[in-house]
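Report on the structure
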Amino acid sequence: MSDSPSPLISAHEVTKVYHRGRPDEVRAVDGVSMSVARGEALVLQGPSGSGKTSLLSLVACMSRPTSGRVVVDGRDVARVGEEMLADIRRKRFGFIFQQFHLIPELSVVDNVLLPLFPLPVGWTEMRRRADAVLAALDLTGK
């Protein structure tokens with residue numbers, strides 16, 4: 001028996017195929033296995049189109065593998081429902097997207113507040129958190 005803790009994230013022979021069975025089928029990730037220990041920093045690099053974003057999307061529970069397993073904090077995420085996946089994403093991951101994904105009709109503070117609504121905190125605490133983030137980024141009043 002090993003004394004080392006289980007990895008925070010692991011992928012086991014993960015494959016992701018887009019447009020499966022169609023002429024434009026793309027095998028973006030093909031049999032990848034990896035693990036990330038708690039507190040470990042990892043760099044994923046490769047040329048454009050090599051599957052980096054697809055692999056990150058799989059291990060961050062934003063998409064499901066075509067085959068293989070992704071385990072986050074001991075839980076096989078392929079075996080949980082959408083509500084549990086949302087909870088895992090909310091509690092375990094932070095995302096910085098290449099595109100902003102802002103809602104143009106909302107103010108800056110409303111865009112910052114939006115992801116806080118599922119949390120079990122009141123309006124005053126949500127607003128305090130949003131104001132603190134905006135102040136830290138020198139975006140107060142934008």
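Before reading further, recall that the structure is shown in the block above.
Below is a summary of the structure that appears in this document. Fair warning: this is a prediction, and the values are worked out from it, not measured in the lab.

**Details of the pairing of strand S3 (residues 67-72)**
Where strand S1 (residues 9-18) and S3 come together, 5 bridges link them in antiparallel fashion. Bridging from a neighbouring strand, alanine 11 pairs with valine 70 of S3. Alignment of S3 against strand S4 (residues 75-76), held across 2 bridges, turns out to be antiparallel. Bridged to valine 71 within S4 is aspartate 76. Linkage of S3 to S4, two consecutive antiparallel strands, is achieved through a turn of 2 residues, within which aspartate 73 is found at a positive phi near 55 degrees.

**What about helix H4 (residues 123-136)?**
Under the 1.5 Å per step criterion, the end-to-end length of H4 is 20 Å for 14 residues, consistent within 8% with the ideal 20 Å. Residues of H4 that are buried include every one of Met126, Ala130 and Leu134, and no others. Buried positions in H4, seen along its axis, are confined to an arc of 65 degrees and lie on one side of it. Seen from the buried face of H4, the exposed residues on the opposite side, beyond 90 degrees, are Thr124 and Ala136. As for H4, its buried residues are in contact with helix H3 (108-113). One or two residues past the end of H4 sits aspartate 138, with phi positive at roughly 55 degrees.

**Some points on the pattern of salt bridges**
For the structure on display, the rule yields 12 salt bridges. Note that aspartate 73 and arginine 92 form a salt bridge whose closest N and O atoms lie 2.6 Å from each other. A residue pair is termed long-range when its members are at least 10 positions apart, and aspartate 73 in the loop between S3 and S4 and arginine 92 in helix H2 (residues 82-92) qualify at 19 residues. Look at aspartate 73 and you get partly exposed, because its relative accessible area is 32%. For glutamate 125, the salt bridge identified is with arginine 129, shortest N-O distance 2.9 Å. Here glutamate 125 pairs with arginine 129, and both are found in helix H4, just 4 residues apart, close to one helical turn. A single salt-bridge network, built from bridges that share partners, covers Arg38, Asp73 and Arg92.

Parameters and conventions
Residues numbered from 1 in each chain as written. Predicted model: local features only at pLDDT ≥ 70, side-chain atom pairs only at ≥ 80, totals over all residues. Heavy atoms only, no water. Pairing = 2+ DSSP bridges. Helix = DSSP H or I, 4+ residues; strand = E, 2+ residues; numbered from the N terminus. Expected span 1.5 Å × (residues − 1). Buried < 20%, exposed > 50% of the residue type's maximum accessible area, 1.4 Å probe, protein only. Arc of directions from axis to C-beta. Contact = heavy atoms within 4.5 Å. Salt bridge = Lys/Arg side-chain N within 4 Å of Asp/Glu carboxyl O.

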